[in-house]
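Take a look at the letters that make up each chain.
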Amino acid sequence: MRTKAVNTVLVILGFAIIMVVATVALVLRIVSFGLLTNFNRKYLIPFLANSILKMFGIHLENTVHLPHFHQPHFYTFNHSSFLDGFILMSLRLTDARILLSEVTLKYIPFTIAALSIGVLYIPTKENRSRRLKFFMELEQRIKREKFSMVGSSEGVHKHFHTIAGFNRGVYHTALVCGMPIVALFIYTPIESNPHCDFRPMKKGHVRIELLNIIPTASWTLENLDAHIEDVRRQYVARFNELHDVQTT
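In what follows, the accompanying structure is described. Not measured: the values here are computed from a predicted model.

1. Quick look at the packing of aromatic side chains
For the structure shown, the criterion picks out nine aromatic pairs. Geometrically, the ring pair formed by Phe74 and Tyr171 is edge-to-face, given 5.5 Å between the ring centres and 85° between the ring planes. Of this pair, Phe74 sits in strand β2 (residues 74-77) while Tyr171 sits in helix α6 (residues 169-176), placing them 97 residues apart in sequence. Judged by centre distance (6.5 Å) and plane angle (25°), the rings of Tyr171 and Trp219 are stacked. Of this pair, Tyr171 sits in helix α6 while Trp219 is found in the loop between β7 (204-214) and α7 (224-242), placing the two residues 48 residues apart along the sequence.

So, in structure tokens, the structure goes:
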């Protein structure tokens, strides 16, 4: 386990590296009028994300091997750590828009990196009218521009070692847009999980894997909540299996 002093130096250095590389990526996107956005998604930002993880002693094992999809999909994942953002950015997902909460805008270097790959920011639940408008406009954009969506099922919550409740908004969008669900599972050992701050953590391995690809063609608005709960049960079962949680 690193000392707090060493960890503080790494955090400051990490933020500086992110700021520099992310600024370059954002400039590339701007001067190319968006044509280099997929370049950033496939090369520059994944390189940055993997570098930051390695700097903190985190080895990422990516076992996800997906075919080329000919229609938009909804990529979702469990969300128990701020490391998840770097893991997502390392996946090289082109033609996909990551959804982040507006509460993350305060992390300026990370926000610059996010803007360089076209992240979309979701209004918080306290702003109900803006949030509803966002999802309505998002549905129209997906149908028009044919891009995939990447977002946490758990949304904004205090990070802890479990699977939180799932939000309805992203699943409603997936249903309306006819998007199959690509359920990704991120395994982070508890001793290597900094949760929602920058506390010192143990070096270790994290893994992202494909949990399931779930069609939504038979879903309806009437049974949406039941289907969401079914997806969550799959996450809970995998979490319990990997973390050896005893269920009753």
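2. Points about the packing of helix α1 (residues 4-31) against helix α2 (residues 37-55)
The contact between α1 and α2 brings their axes to 10 Å, and the two run at 175°. In this view, α1 runs roughly antiparallel relative to α2, as classed from their interaxial angle. Of α2, the residues touching α1 (which contributes Leu10, Leu13, Gly14, Ile17, Ile18, Val21, Ala22, Val24, Ala25, Leu28 and Arg29) are Thr37, Phe39, Asn40, Leu44, Ile45, Leu48, Ile52 and Met55. For the contact of α1 with α2, the class distribution of residues is 15 nonpolar, three polar and one charged.

3. As for the pairing of β2
Taking every second residue as pointing to the same face, both faces of β2 are buried, with Phe74 and Thr76 on one and Tyr75 and Phe77 on the other. Direction of pairing for β2 relative to strand β5 (residues 148-152): parallel, over a ladder of four bridges. By the bridge assignment for β5, Thr76 is matched with Gly151.

4. Regarding the nonpolar core
Grouped together as the largest cluster of nonpolar side chains are 41 residues, with contacts concentrated most on Leu184 and Ile208. Each residue touching Leu184, except ones within four places of it in the same chain, is listed here: Val64, Tyr75, Thr76, Phe77, Asn78, Leu91, Ile208, Glu209, Leu210, Leu211 and Tyr235. Membership of the second largest hydrophobic core comes to 29 residues, among which are Leu99, Ile163, Val170 and Val231.

Definitions and cut-offs
- Note that residues are indexed from 1 along each chain, following the sequence as it is written.
- Per-residue local features are limited, in this predicted model, to residues with pLDDT of at least 70; the limit for side-chain atom pairs, both in listing and counting, is 80 or more; totals at the level of whole chains, interfaces and linings are taken over all residues.
- Side-chain metrics in this entry use all non-hydrogen atoms of the structure; hydrogen atoms and water are not considered.
- Only centres within 6.5 Å qualify two rings of Phe, Tyr or Trp (six-membered ring in Trp) as a pair; their planes then separate them into stacked at under 30 degrees, edge-to-face at over 60, and tilted for everything else.
- For helices the rule is a DSSP run of H or I covering at least 4 residues; for strands it is a run of E covering at least 2, with both sets numbered from the N terminus onward.
- Angles here are taken between N-to-C directions and fall from 0 to 180 degrees, while the axes themselves are lines fitted to C-alpha atoms, restricted in helices to the stretch in contact.
- Roughly parallel here means an angle under 35 degrees, roughly antiparallel means over 145, roughly perpendicular means 65 to 115, and every remaining angle is called oblique.
- What makes two residues a contact is simply this: any of their non-hydrogen atoms within 4.5 Å.
- Throughout this entry, Asp, Glu, Lys and Arg are counted as charged residues, while Ala, Val, Leu, Ile, Met, Phe, Trp, Tyr, Cys and Pro are counted as nonpolar. The remaining residues, Gly among them, count as polar.
- The buried label applies to any residue whose accessible area, calculated with a 1.4 Å probe on protein chains only, is under 20% of its type's maximum; exposed applies above 50%, and partly exposed to all values in between.
- Here, any two strands with at least 2 DSSP bridges between them count as paired.
- Definition of nonpolar core: a set of buried residues of the types Ala, Val, Leu, Ile, Met, Phe, Trp, Tyr and Cys, connected through side-chain atoms within 4.5 Å.

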